[in-house]
Amino acid sequence: MKNFKINKQPEKVVFCKLCVYSNQKVVPSTIKNDKKDHSNRNFLRFNKDGVCSACELILRKKKLNKKNNIDWEKRENELRIILEKFRSRNGSFDCIVPGSGGKDSVFQAETLKKKYGMNPLTVTFSPIIYTDVGMSNFHKWSQNGNVNNFLYTPSGKSYGKLVELSFKNMLHPFQPFIFGQRHFATHIAIKLKIPLIFVGEPHSEFGSDQDEEDLPYMLERYYSKNNNEKINIAGLETKELINKHKINFSDLEYFLPNDINLIRENNIKQYFFGYFEKMQPQENFYKAAKITKFQTSPERTEGTYSKYNSIDDKIDGFHYWTSYVKFGIGRATEEASNELRHGYISRDEAVNLVKKYDGEFPKKYFKEFLSLTNISESEFYEIVDSFRPDHLWKKVGNDYRYGKNWQLKNLLK
Ligand SMILES: [Zn+2]
């Protein structure tokens, strides 16, 4: 039934010695017929001391690693050379920053404008369903910030269909949004002839191959090497979405990666801002909140302990919860690991937070998720359970609602 299955996860679950992340997350294949097969590769690598690549990178950023520490001054000079090449002489837009108006995109755009004197255009690919606080914060960004913005909102029908298919085929309901966020800026860059783009963190902080770790720019493999018909999204080829599921190409276009030839012809360059400038979650949050006056959520986010990380989208909780099902890694693990790496909490605190909140079901928007994807409640659990790896889960009891009848075999210590 499934044309995509998470597999090749290591049978033995190992947790990082420093943070609370495990070796279980793998990156699904997105572009078919890539020469080098990047599907099912591990999201984080573990070194011989049992430390994950994300922790190692933070140590290098803080200059606390045994070797290869980062020279920030040198990187700032590299950035200044790039900016001089692209800087506008007449005040027109000279770079693009994609983002939602959350802490990272605000920090990037404002720093480019204020510290480096650039003229950034920010672009936003709409969340699947905006939360009230997300929509209000987005407006606050343009009202109170110093940068201009383009918002693109796909039709609810095609967005919903893609979410449904991604959920059914890959247990990855957030994939269409991730695609849109990743690729929208290059479409705008080509159309408006603004070839310089800054995205957030380098590959390495969020999973990459070793050979990519110290690259300041996006690799060519993130673009499409095929004609549009063969690009794989929601577990299907584009031509299948158009022919079988009756989605128009215009509905799909801005979700899809651009053809590499088009990227080269237009001389598009995508750099990681986090490669050149230190990105610190809490510091960025306070700086950004001061500028745009954005608000945190009125209540704790389900599945974690925080109130301010990605609160824009009603479907967000299902992204983290399905990751918990596929990898045993939920939202609290992501956030606690990140805060632990930056030194905001101790490992013991992180372990307790994961035990308390990880895998909590996102009940608040469950009905909206089912209605968006046209899936019944029983079908929802059936699909979810077909993606539970045997080596991660054991069945306990019969209370299937909110996945209560399953328990992780390997608990974090
Ligand atoms: Zn780690």
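Attention here is on the structure that accompanies the text. Nothing here was measured: the structure is a model prediction, and the numbers come from that model.

1. Looking at the coordination of the zinc ion
- For the zinc ion, the full set of protein donor atoms is C16 (SG), C19 (SG), C52 (SG) and C55 (SG), at a range of 2.3 Å.
- Bound by four donor atoms, the zinc ion shows angles of 103 to 115 degrees at the metal and therefore tetrahedral coordination geometry.
- As a motif over one chain, the donors of the zinc ion read C-x2-C-x32-C-x2-C. A residue pair is termed long-range when its members are at least 10 positions apart, and C19 in the segment before β1 (26-27) and C52 in the loop between β2 (41-42) and α1 (53-61) qualify at 33 residues.
- Judged by relative accessible area, which is 0%, C19 ranks as buried.
- When its relative accessible area of 0% is taken as the criterion, C52 is described as buried.

2. Re helix α13 (residues 331-341)
- Counted residue by residue, α13 has nine buried out of eleven residues, so it is predominantly covered.
- When we look at burial in α13, the residues that qualify are R331, A332, T333, E335, A336, S337, E339, L340 and R341.
- Of the residues trailing α13, G343 is marked for its positive phi of about 80 degrees.

3. Thoughts on the pattern of salt bridges
- For the structure on display, the rule yields 19 salt bridges.
- Between E334 and K25 there is a salt bridge, and its shortest N-O distance comes to 3.4 Å. Here K25 lies in the segment before β1 and E334 lies in helix α13, a separation of 309 residues in the sequence.
- Put simply, K404 and D399 hold a salt bridge, and the shortest N to O gap is 3.9 Å.

Definitions and cut-offs
Residues numbered from 1 in each chain as written. Predicted model: local features only at pLDDT ≥ 70, side-chain atom pairs only at ≥ 80, totals over all residues. Heavy atoms only, no water. Donors = N, O, S within 2.8 Å, 3.2 Å for Na, K, Ca; no water. Tetrahedral: all angles 85-135°; square planar, octahedral: opposite > 155°, others 65-115°. Helix = DSSP H or I, 4+ residues; strand = E, 2+ residues; numbered from the N terminus. Buried < 20%, exposed > 50% of the residue type's maximum accessible area, 1.4 Å probe, protein only. Salt bridge = Lys/Arg side-chain N within 4 Å of Asp/Glu carboxyl O.

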